[in-house]
Amino acid sequence: MTDGPPIPADRAKLVAAKTAWARDRRAPAARPSDPESRRLPPGQHRVRDWPVLDLGTHPNLNPKDWRLSVEGLVAAPTVLSLADLESIPPFEVTADIHCVTAWSRLDNRWRGVSTRDLIAEVRPRDDARFVIVKSHDGYTTNLSVDWLYEPDSLIATHWEGRPLTREHGGPVRLVVPALYFWKSAKWIRSIRFVAQDVKGFWEARGYHGVGDPWKEQRYG
Ligand SMILES: Nc1nc2c(c(=O)[nH]1)N[C@H]1C(S)=C(S)[C@@H](COP(=O)(O)O)O[C@H]1N2
Ligand SMILES: [Mo]
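Predicted model, so just to flag it, every value in this text is computed and none were measured.

1. Concerning the nonpolar core
Then step 1. In this structure, Leu85, Ile155, Ile188 and Phe193 are the most contacted members of the largest nonpolar core, which totals 36 residues.
Then step 2. For this core, the elements supplying multiple residues, two or more each, are strand E2 (67-72), helix H2 (82-87), helix H3 (115-122), strand E6 (130-135) and strand E11 (188-194).
Then step 3. The residues touching Ile155, leaving out its near neighbours within four places in the chain, are Leu85, Arg111, Gly112, Val113, Thr115, Leu118, Val172, Arg173, Leu174, Ile188 and Ile191.
Then step 4. Val47, Val93, Trp110 and Phe181 belong to the second-largest nonpolar core, a separate cluster that totals 15 residues.

What follows is the structure in structure tokens.
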């Protein structure tokens, strides 16, 4: 992809970040010696507020009627209500948000149900390698099932001790901190386990199939 001498592996990340900054004419978020900047993937800068980003429709969902269908290549497909979710032992994690539009919000305290616990309930078959997540605003996103085994991934009902607000995906959203935030679908309605990867909304529009912020997998 690049011309010139090979770049040593330990510098490649920095070079990739600087290349991106050059392309976007963006200044580095912080000096590399700053301990905080080590928590920021390449090309990201820290924000203190929490921007709202979506397709512009905020579904008005009655928590009493909310259901999540977990379906596809699983031994025990299920439809969960909010009460069902609350009967699973609660899970809390503090994790960072990295949005592909270059903002990061550190130390978000989430509560909900661990996707590991969800997986234990439905028992994906061996041929279930990806999931496609569907939301009430028509949004979809795809990811490898591996990311649902990440210890900090969850089906979130609370942020900073309060129920998720409507604009941020309440009553229930997916949160996969290890990936760019477009994978964290708001207002989720179904999670389907499939054998073949299927592109979601942004993935079909050029976003990366995986989306690992530490590898700066933004597009393509
Ligand atoms: N249902 C739904 N989920 C979505 C989106 C969306 O448009 N609809 N946008 C994604 C994108 S691109 C981002 S950056 C985050 C933004 O979440 P926030 O508004 O809580 O910051 O939600 C993701 N999940
Ligand atoms: Mo986004």
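2. Details of empty space enclosed by the protein
Then step 1. Within the structure shown, the criterion is met by 1 cavity of 30 Å³ or more.
Then step 2. By volume, the largest cavity is sized at about 30 Å³.
Then step 3. What lines the largest cavity is Glu92, Arg109, Trp110, Arg111, His158 and Gly161.
Then step 4. Among the elements that take part in the lining of the largest cavity, strand E5 (residues 103-114) stands out by supplying 3 residues, more than any other.
Then step 5. Of the residues in the lining of the largest cavity, the class split is 1 nonpolar, 2 polar and 3 charged.

3. Comments concerning the packing of aromatic side chains
Then step 1. Under the counting rule described, the total for this entry stands at 9 aromatic pairs.
Then step 2. Here Trp50 and Trp110 contribute two aromatic rings whose centre-to-centre distance is 5.7 Å and whose plane-to-plane angle is 80°, an arrangement assigned as edge-to-face. Taken as a pair, Trp50 in the loop between strand E1 (45-46) and E2 and Trp110 in strand E5 lie far apart in primary sequence, 60 residues in all.
Then step 3. Seen from their ring centres, Tyr207 and Tyr219 are 5.5 Å apart, and the 75° between their planes marks the pair as edge-to-face. One end of the pair, Tyr207, is in the segment after E11; the other, Tyr219, is in the segment after E11, with 12 residues separating them in the sequence.
Then step 4. Linked through ring pairs, Tyr139, Tyr180, Trp182, Phe201, Trp202, Tyr207 and Tyr219 together constitute an aromatic cluster.
Then step 5. Here Arg205 stacks its cationic end above the ring of Phe201, 3.7 Å away from the centre of that ring.

About the cut-offs
Here, residues in each chain are numbered from 1, in the same order as that chain's written sequence. Following the order in which they are written, the chains are lettered starting with A and the ligands numbered starting with 1. Only residues with pLDDT of at least 70 are given local features in this predicted model, and only at 80 or more are side-chain atom pairs given and counted; all residues enter the totals for whole chains, interfaces and linings. Side-chain figures throughout are based on the complete set of non-hydrogen atoms in the structure, without hydrogens or water. Working definition of a nonpolar core: buried Ala, Val, Leu, Ile, Met, Phe, Trp, Tyr and Cys residues. They are joined through side-chain atoms within 4.5 Å. Each residue is placed in one exposure class: buried if its accessible area under a 1.4 Å probe, protein chains only, is under 20% of its type's maximum, exposed if it is over 50%, and partly exposed if it falls in between. Under the DSSP-based scheme used, a helix requires at least four consecutive residues in state H or I and a strand at least two consecutive residues in state E, with every element numbered from the N terminus. Contact criterion: two residues are considered in contact whenever any of their non-hydrogen atoms come within 4.5 Å of each other. Any residue with an atom within 4 Å of a point lines the site, the site being either a cavity, points on a 1 Å grid over the protein atoms alone where a 1.4 Å probe fits but cannot get out, or a pocket, an open set with protein on both sides within 12 Å along at least 5 of 7 lines. Grid points are joined across faces, edges and corners, and a volume is the space filled by probe spheres set on the points. Gly is placed with the polar residues, together with every amino acid not listed as nonpolar (Ala, Val, Leu, Ile, Met, Phe, Trp, Tyr, Cys and Pro) or charged (Asp, Glu, Lys and Arg). Any pair of Phe, Tyr and Trp rings, taking the six-membered ring for Trp, is counted once the centres come within 6.5 Å. Such a pair is stacked with planes under 30 degrees apart, edge-to-face with planes over 60 apart, and tilted for the rest. Two thresholds decide whether a charge sits over a ring: the Lys NZ or Arg CZ must be within 6 Å of the ring centre and within 35 degrees of the ring normal.

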